[in-house]
Amino acid sequence: MPTIERNFITPPDIDVDTTSDVATEEMLVNMGPQHPSTHGVLRLVLRTDGEMVLEAVPHIGYLHRCAEKIGENLAYFQYVPYTDRMDYLAGMNNNVGWCLTVEKLAKLEIPRRAQYIRVIMCELNRIASHLVSMGAYGMDMGAFTPFLYAFREREFILDLFEAACGARLTYSYATIGGLTHDLTPQWIEKCREFLDYFEPKITEYDQLLSFNHIFVKRTANIGILPKDLALSYCITGPMLRGSGIPWDLRRKKPYLVYDELEFDIPVGDGRIGSLGDAWDRYFVRIQEMRQSIRILRQALDRIPGGQHRIALPRVFKIPPGEIYMETEGARGQLGFYIESHGGPIPYRVKARGPSFCNLSIAHELCRDCLLADVPAIIGSIDIVMGETDR
Amino acid sequence: MSPSDIAQLILQRFGPHAVTASSLDTLHPWIAVPAAHWLEIAAFLRNDHQLQFDLLRCLTGLDYPDRRQLCAAYDLLSFDLGHELCIKVSVPRDHPEIPSVAHLWRAADWHERETFDLLGIRFTNHPDSVTDHLGTHPRRILLPDDWVGHPLRKDYAFPREYHGIPGSVELDWAQKSDYPK
């Protein structure tokens, strides 16, 4: 049996110059694309000096399917299922974003009942998406338990989606001109039950994770995003609001029936670390869940009767024109650019994914930070690679 | 400011050649500017106190083979003033060069890389450029560095093989029976 030298303590009589024999060579460290804390197939090349990251270069495209080329070959209806494969954690928001853009281009007016149902679905999906974000972020920081709690609550939302449209992840529930199915009164009761169940759970998350000492130590004062940098990179969604900017398209440029509903826009205030740090971005999402519950309660109370969709011809053509429209998705502003040349298929489709733009700032945030902070920063951006790569 | 006021402001500042076409009272108001003037007009849009277009929301590349043109559409928004406008820059298809605006809007960095990758518009003086047999152009972002062609061009031919990986049959969508007519 070979013996292992276990005496690592330097004998006191040997004079060791601790400055000269320490190698300070820079090293390139590859992180990803298969790494548990990169939330998908994101690859980062880190230039490190010991524990310090001097530079981080993100490489994306591992999930590229050229969804925009597919869009040039499909009818407007047929593209709906491709949108929920972009941001697969918030498929409803993507469906609604695409349908609203097409409807605006085609100058269609959809029934008020459909508008309310779309708001309900968007907000439910926003909660589900933020739950995944919160749970996975806790897991990145070494807290496994909140992940299980978050998925337990998310399961209720997925059950509600399944009852409404039959799918649990890729819904295609919204369609051009309304929705594929109507909601039943029993569904609305179930949804109210869920809200009563879910609201106290948010306090539980605060106790479990938000103000947990270890979690705060890992996230406060990390990856600080100043306001002017955020605007220059066109950062949107909870990440922008985490820097203290109350910008939310649901309030600034209201679509659907958001202008009839009361809710606040939570912003980061630097109450634990500095304004715009990873903790602020995380906590904006927690507060947004409360606001989504407020929106949901109002929408469920006010949902009118009537049709849930309008009848459209089977071959649906849009007169020549173009449009760019953004909606507030779970991660930020989801924009669609459509150019129509008059036929049943668009001439050009472009999707502006919020994750794509939000991730483009990663190299600024990961500069001169500790290696262990990189997962804290990437996790706080809350990316979905399906949408980044499209 | 309304789109027509903004167009008027650009015309006053840069003369009648600065705006080559416009469509101002539609769903998506846009003005077209020549690539030669784009850099100074972009700086004006970004920094003028009446305009303050500080958000580059989206950059869309478009291919028009019948006009032999490639076009870049910049969707701009002013955060404080709230007005929005789209600026289109068209370049010939055989010489598609547009000056990069990544120093004005940092968001343009990745958008320009994507537009080069998928449409082949070369943005000159891009901060993340590489030089190869195609000349100097932004580094590809979504596709591998050695990919041939630009998929969103209308005449793009799907590769039959890539590093020994066979491609599927060439996609001829219009021949499919369920293709919308």
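Residues numbered from 1 in each chain as written. Chains lettered and ligands numbered in written order. Predicted model: local features only at pLDDT ≥ 70, side-chain atom pairs only at ≥ 80, totals over all residues. Heavy atoms only, no water.

Caption draft 1: Summary view of the overall build of chain A. Counting secondary structure elements, chain A contains 15 helices and nine strands. Taken over C-alpha atoms, the radius of gyration comes to 23 Å for chain A, in line with the 21 Å a tight globule of 390 residues would show. For the C-alpha atoms alone, the extent of chain A along its principal axes is close to 90 × 50 × 45 Å. Counting the 390 residues in chain A, one finds 62% classified as buried. In chain A, of all internal contacts separated by at least 6 residues, the share reaching a separation of at least 24 is 71%. When the accessible area of chain A is evaluated, it comes to approximately 15400 Å², of which 56% is carbon and sulfur surface. For chain A, the separation between the mean place of its 42 positive charges and that of its 50 negative charges on side chains is 9 Å. (Helix = DSSP H or I, 4+ residues; strand = E, 2+ residues; numbered from the N terminus. Rg over C-alpha atoms; globule rule 2.2 N^0.38 Å. Buried < 20%, exposed > 50% of the residue type's maximum accessible area, 1.4 Å probe, protein only. Contact = heavy atoms within 4.5 Å. Areas by Shrake-Rupley, 256 points an atom, 1.4 Å probe, with all protein chains shown as cover. Lys, Arg positive; Asp, Glu negative; His and termini not counted. Charge placed at Lys NZ, Arg CZ, Asp CG, Glu CD.)

Caption draft 2: Representation of the domain arrangement of chain A in the model. All names here are of chain A. Along its sequence, chain A is carved into domain 1 (27-58) and domain 2 (59-389). Facing 21 residues of domain 1, the contacting portion of domain 2 comprises 21 residues. Buried area between domain 1 and domain 2, both sides added, is near 1900 Å², and the carbon and sulfur share of it is 66%. Counting across the domain 1 and domain 2 interface gives four residue pairs in polar contact (both at pLDDT 80 or more). Contributions of two or more residues to the side of domain 1 that touches domain 2 are made by strand 2 (43-49) and strand 3 (52-59). Per-element tally for the side of domain 1 that touches domain 2: the top contributor is strand 3, with six residues. (Domains from an automatic or database assignment. Buried area = accessible area lost by both parts, 1.4 Å probe. Polar contact = N/O pair within 3.5 Å; in protein donor to acceptor, adjacent residues only side chain to side chain.)

Caption draft 3: Geometry of the pairing of strand 9 (residues 135-138) of chain B. Residues and elements named next belong to chain B. When strand 8 (residues 129-132) meets strand 9, the two strands line up antiparallel, connected through four bridges. Within the sheet, the bridge partner assigned to Ser129 lies in strand 9 and is Pro138. Counting the residues that bridge the hairpin from strand 8 to strand 9 gives two residues. (Pairing = 2+ DSSP bridges.)

Caption draft 4: How the structure looks around the sheet that holds strand 8 (residues 348-352) of chain A. Residues and elements named next belong to chain A. The strand order 6-7-8 describes an open sheet built from three strands, whose pairing is antiparallel. The open sheet has two edge strands, strand 6 (321-328) and strand 8, and neither has a second partner. With strand direction ignored, the average angle separating the axes of adjacent strands in the sheet is 10 degrees. The pairing of strand 6 with strand 7 (residues 333-340) spans eight bridges and is antiparallel. Opposite Glu326, over in strand 7, you have Gly335 as the bridge partner. (Axes fitted to C-alpha atoms, helices over the stretch in contact; angles between N-to-C directions.)

Caption draft 5: Structural context of the confidence of the model for chain A. For chain A, mean pLDDT is 87; residues scoring 70 or higher make up 93% of the total. Taken as a whole, residues 6-10 of chain A scores under 50 in pLDDT and shows one contact with residues more than four places along the chain or in a different chain. (pLDDT = per-residue confidence, 0-100.)

Caption draft 6: Up close: the sheet that holds strand 9 (residues 369-370) of chain A. All names here are of chain A. Here four strands make up an open sheet; going across it, the order is 1-2-3-9 and the pairing antiparallel. Edge positions in the open sheet fall to strand 1 (27-31) and strand 9, since each of these has one partner strand only. Bridge count for strand 3 against strand 9 is two bridges, and the pairing is antiparallel. Residue pairing across strands places Met52 opposite Leu370, the latter belonging to strand 9.

Caption draft 7: Quick look at helix 1 (residues 3-14) of chain B. Residues and elements named next belong to chain B. With 12 residues, helix 1 extends 16 Å from end C-alpha to end C-alpha; this agrees with the ideal 16 Å at 1.5 Å per step. Three or more residues of helix 1 are buried, namely Pro3, Ile6, Ala7, Leu9, Ile10 and Phe14. Mapping the buried residues of helix 1 onto a view down its axis gives an arc of 155 degrees, with all of them on the same face. Looking at the packing, one finds that the buried side of helix 1 touches strand 2 (30-34), helix 2 (38-47) and strand 5 (84-92). Of the residues trailing helix 1, Gly15 is marked for its positive phi of about 90 degrees. (Expected span 1.5 Å × (residues − 1). Arc of directions from axis to C-beta.)

Caption draft 8: Seen up close, the state of the cysteines. All names here are of chain A. A complete count under the given rule lists zero disulfides over all chains for this structure. Here Cys122 stays free of any disulfide, with the sulfur of Cys99 as its closest cysteine sulfur at 10 Å. Between Cys165, a cysteine without a disulfide, and Cys122, which holds the nearest cysteine sulfur, the sulfur-to-sulfur distance is 13 Å. (Disulfide = S-S within 2.5 Å.)

Caption draft 9: Layout of the interface of chain B and chain A. Listed per partner, the contact involves 45 residues of chain B and 47 residues of chain A. Carbon and sulfur atoms supply 61% of the area that chain B and chain A bury against each other, a total of about 4100 Å² over both sides. Summed over the shared surface of chain B and chain A, the number is seven salt bridges. Glu364(A) is the salt-bridge partner of Arg106(B), the closest N and O atoms lying 2.9 Å from each other. (Salt bridge = Lys/Arg side-chain N within 4 Å of Asp/Glu carboxyl O.)

Caption draft 10: Geometry of the environment of His133(B). All names here are of chain B. Checked against the element boundaries, His133 lands in the loop between strand 8 and strand 9. Here His133 falls in the exposed class, since its relative accessible area comes to 75%. As for His133 and Lys154, which are separated by 21 residues in sequence, their C-alpha atoms are 22 Å apart.

Caption draft 11: Inspection of the environment of Leu56(B) at higher detail. You can see Leu56(B) is positioned in strand 3 (residues 55-64). Classification of Leu56(B) as buried rests on a relative accessible area of 0%. Leaving out residues up to four positions away in the same chain, Leu56(B) has contacts with Cys234(A), Tyr74(B), Asp75(B), Leu76(B), Trp105(B), Ala107(B) and Ala108(B).

Caption draft 12: Representation of the side chain of Ser360(A) in the model. All names here are of chain A. Position of Ser360 among the secondary structure elements: in the loop between helix 12 (354-359) and helix 13 (362-365). We classify Ser360 as buried; its relative accessible area is 4%. Of note is the side chain of Ser360, whose polar atom sits 2.6 Å from the backbone oxygen of Cys357.

Caption draft 13: Quick peek at the packing of helix 6 (residues 185-210) of chain A against helix 11 (residues 278-302) of chain A. Residue and element names in this part refer to chain A. For the pair helix 6 and helix 11, the least separation of the axes is 10 Å and the interaxial angle reads 160 degrees. When the axes of helix 6 and helix 11 are compared, the pair comes out roughly antiparallel. In terms of crossing hand, the pair formed by helix 6 and helix 11 is left-handed. Residue composition of the contact of helix 6 with helix 11, by class: 15 nonpolar, two polar and seven charged. (Parallel < 35°, antiparallel > 145°, perpendicular 65-115°, else oblique. Left-handed = near helix turned anticlockwise from the far one by under 90°. Nonpolar A, V, L, I, M, F, W, Y, C, P; charged D, E, K, R; others polar.)

Caption draft 14: View of the pattern of salt bridges. Residue and element names in this part refer to chain A. This model, assessed by the stated rule, comprises 47 salt bridges over all chains. Across the pair Glu153 and Arg152 runs a salt bridge, and its minimum N-O distance is 2.7 Å. Here Glu155 and Arg168 are joined by a salt bridge, their closest N and O atoms 2.4 Å apart. With Glu155 in helix 5 (residues 145-165) and Arg168 in the loop between helix 5 and strand 4 (174-175), this pair connects stretches of sequence that are 13 residues apart. By relative accessible area, Glu155 is classed as partly exposed at 35%. Arg168 gets classed as partly exposed once you look at its relative accessible area, which sits at 27%.

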